Amino acid sequence: MKFMKLGSKPDAFLADGKSVRYISAELSTDIAISVGEVKFFLHKFPLLSKSYRMQKLVLKANEENSHEINLVDFPGGPKAFEICAKFCYGMTVTLNAYNVVAARCAAQYLEMTEDVDRGNLIFKIEVFLNSSIFRSWKDSIIVLQTSRSLLPWSDDLKIVGRCVDSIASRTSIDPANVDWSYTYNRKLASEDRVLEEGIKFPERMKSVPKDWWIEDLCELDIDLFKRAIVAVRSKGRMDANVIGEALRTYAVRWLPDSVDALVSDANQFRNKSLLENLIALLPSDVNSCSCSFLLKLLKVATLMGTDGLPREQLVERVGLKLHEASVIDLLIPSRAPESTKYDVELVKCLLEQYLLHGNYGRDRGVKNNEVGNGIILLEHDSLLNVGKLIDGYLVEIAHDPNLPQSSFIELSQSIPDSGRPIHDTLYRAIDVYLKEHPSLTKSERKRLCGLMDVKKLTMEASVDAAQNERLPLRVVVQVLYFEQARGAQALHNTPRDTSCSTTTNTDEECEKMTAGSCRKLEKEMGCVKIEDGEVKKNRRLAKKSSRNSRSGVQLLPSRSRRIFDKLWPVGKGHGGQKSSETSGSSQSPTSLVPVDNKSSGSSSRHRRHSIS
């Protein structure tokens, strides 16, 4: 730290308690000067020889036959006045970054100019500021911080402006030329980690990161920090992502993590001002700030009830980068009078913004376009990430017993089909919601499960769904059927010797057969009514058939066997006919449930005939 000594005489100021200061001298004092709560007993002559304002005040006091002067609103208080008084007496005074602004403002108040005496205090302080303070990185930061308590004096004297300009100029210097100390406690970038691990880079600039200046500036109050960031950006040499990192670091430094501390009456005004200034400083470059940081600001804005333009700006910016978010980032608590645990409506708005900017309102295929093929691929990957994000978010909010079913369904339906190729996570979210909301009616459960396409479940999810007692019977049947259809189609598409094959179905034909069988299945299911007596009867049938069934049937859960027993009855009058109708289609679910020996034999003969 730079410092400057003025005067040569020893310090003769003494104290009498906390409110009285006097000079130790043979000559008695002849004037009392009150500064705040402290009264100084001094001599007139040394003060009059340096201060033009003291000359006018003493003249006025003499006219009033008074020996006391009261300095109202003195900048810097008693300590700053004592520095000026010691300078008038020629006593030793040490100026440094912590007291130089107060001394400069006090000297201006007392009008200690060159017109009164050559080499006066204002002149000496200005020399110290320009030759030392503004050339030091750390001292400039300290002076800028101390100048806040001395506004508007420090601003009128252009101390704040000169400090800001000095700081901005130094941040724009090539990192290779940074040879002064700075604070850097954050995690090192990848290049810096490699450097610490022993790999040397040919250029020294690799050892000094571009954002070396951020942490020192984050010690400033928000109004001074804002002026510094504006000055840094005005230089035009700083990357937008570095500015974004500075804003993120400042938010981490000053925004409290505790919700109670954030919304407390004591800090609410300060936190709101801080938030609004940070939002105003966000660079226009979309990639300058991470989505996680933007969502943290949005979380603070939500908890503090910030509305209007700042909130709208955040929602729009987050919507552009929603594919980079995580589920934890989206778990923003809701405020009263909302009864839900998390602000689901806010997430809906974010998703709407994302779909609006990306034009995802309709599903689009990836076309072979020489110009835009790469862009379309990136947009499709982005949509897939958002689909996974929303499904994961649905799993979390499904635990909330106060979450309305309509909110769950609306958010789920907001994702286009192309953004959700696999429905495993959606199935898990639906299962959690059913578990946490056991009082749902049959129609509500059916509507909820209608969000899920069982054809898009993986093998693991299908096995779990087939045994899930919380799912409606219709959904379980659909899961079993499409799993059987998938396995049969895979068997049908197995490569065989072309000399032994007589007919081959294309993928389109298989899909048509599957769709036709599915419609037939749904028609049959519409006539099925599950009653208590029928369930008991089906249990007896399932036990009886299990004794004569093959080992593959044991893989089906008892509930699934009951369902198939009801949909495809076993009997002599229908067994052979049913087998002959369905064995020709590889999608038939009857292959899972064996019928009598005649039916099995007929099916076997038919399969051999089709292969030969």
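The structure contained in this document is the topic of the report that follows. (Residues numbered from 1 in each chain as written. Predicted model: local features only at pLDDT ≥ 70, side-chain atom pairs only at ≥ 80, totals over all residues. Heavy atoms only, no water.)

A closer look at the overall build of the chain
Piece 1. When helices and strands are tallied, the chain shows 29 helices and 7 strands.
Piece 2. A burial count over the chain gives 44% of its 612 residues as buried.
Piece 3. If you take every contact in the chain between residues at least 6 apart in sequence, the share linking residues at least 24 apart comes to 71%.
Piece 4. Total accessible area computed for the chain in this model is approximately 33400 Å², and 51% of it derives from carbon and sulfur atoms. (Helix = DSSP H or I, 4+ residues; strand = E, 2+ residues; numbered from the N terminus. Buried < 20%, exposed > 50% of the residue type's maximum accessible area, 1.4 Å probe, protein only. Contact = heavy atoms within 4.5 Å. Areas by Shrake-Rupley, 256 points an atom, 1.4 Å probe, with all protein chains shown as cover.)

Quick word on the pairing of strand β6 (residues 68–71)
Piece 1. Burial of the side chains of β6 is restricted to one face: I69 and L71 are buried, whereas none of E68 and N70 on the reverse face is.
Piece 2. One ladder, built from 4 bridges, connects strand β4 (residues 31–35) with β6; its direction is parallel. When the sheet's bridge partners are listed, V35 is paired in β6 with L71. (Pairing = 2+ DSSP bridges.)

Section: helix α11 (residues 222–234)
Piece 1. Over its 13 residues, α11 extends 18 Å from the first C-alpha to the last, a length consistent with the 18 Å expected when each residue adds 1.5 Å.
Piece 2. Within α11 the residues assigned to the buried category are I222, L224, F225, A228, I229, A231 and V232.
Piece 3. In this structure, the buried residues of α11 make contact with α6 (137–146), α8 (159–171), α10 (214–217), α12 (240–254) and α14 (268–281).
Piece 4. In the stretch just after α11, G236 is the one whose phi turns positive, near 75°. (Expected span 1.5 Å × (residues − 1).)

Considerations on the side chain of T146
Piece 1. In this fold, T146 is placed in helix α6.
Piece 2. The exposure class of T146 is buried, given its relative accessible area of 18%.
Piece 3. When residues no more than four places from it in sequence are discounted, the contact partners of T146 are A97, Y98 and V101.

Points about the sheet that holds strand β5 (residues 38–42)
Piece 1. A sheet is described by the order of its strands in space; here 5 strands give the open sequence β2-β3-β5-β4-β6, paired in mixed fashion. Of all the strands in the sheet, the pair left with one neighbour each is β2 (13–15) and β6. Looking at each pair of strands side by side, their axes are set apart by 20° on average, direction ignored.
Piece 2. Running over the sheet, helix α3 (residues 77–89) touches β2, β3 (20–23), β4, β5 and β6 and is turned about 10° from β5. (Axes fitted to C-alpha atoms, helices over the stretch in contact; angles between N-to-C directions.)

Some points on the state of the cysteines
Piece 1. Tallied over the full model, the rule gives 0 disulfides.
Piece 2. Here C84 is not disulfide-linked; the sulfur of C88 is the nearest cysteine sulfur, at 6.9 Å. (Disulfide = S-S within 2.5 Å.)

What to know about helix α16 (residues 309–320)
Piece 1. Between the first and last C-alpha of α16 there are 17 Å, a value that for 12 residues agrees with the 16 Å anticipated at 1.5 Å per step.
Piece 2. Among the residues of α16, P310, L314, V315, R317, V318 and G319 are the ones counted as buried.

Remarks on the pattern of salt bridges
Piece 1. Scanning the entire structure with this criterion turns up 22 salt bridges.
Piece 2. Close ionic contact of D221 with R148 constitutes a salt bridge, the shortest N to O distance being 3.2 Å. In this pair, D221 is assigned in the loop between α10 and α11 and R148 in the loop between α6 and α7 (153–156), connecting sequence segments 73 residues apart.
Piece 3. Note on D221: relative accessible area 24%, which makes it partly exposed.
Piece 4. For R148, a relative accessible area of 40% gives the class partly exposed.
Piece 5. For K210, the salt bridge goes to D239, with nearest N and O atoms at 3.4 Å. With K210 in the loop between α9 (190–196) and α10 and D239 in the loop between α11 and α12, this pair connects stretches of sequence that are 29 residues apart.
Piece 6. Connected through salt bridges with shared partners, the residues D11, R21, E82 and K86 form a single ionic network. (Salt bridge = Lys/Arg side-chain N within 4 Å of Asp/Glu carboxyl O.)

Remember that the coordinates give geometry; whether it matters functionally is a separate question.
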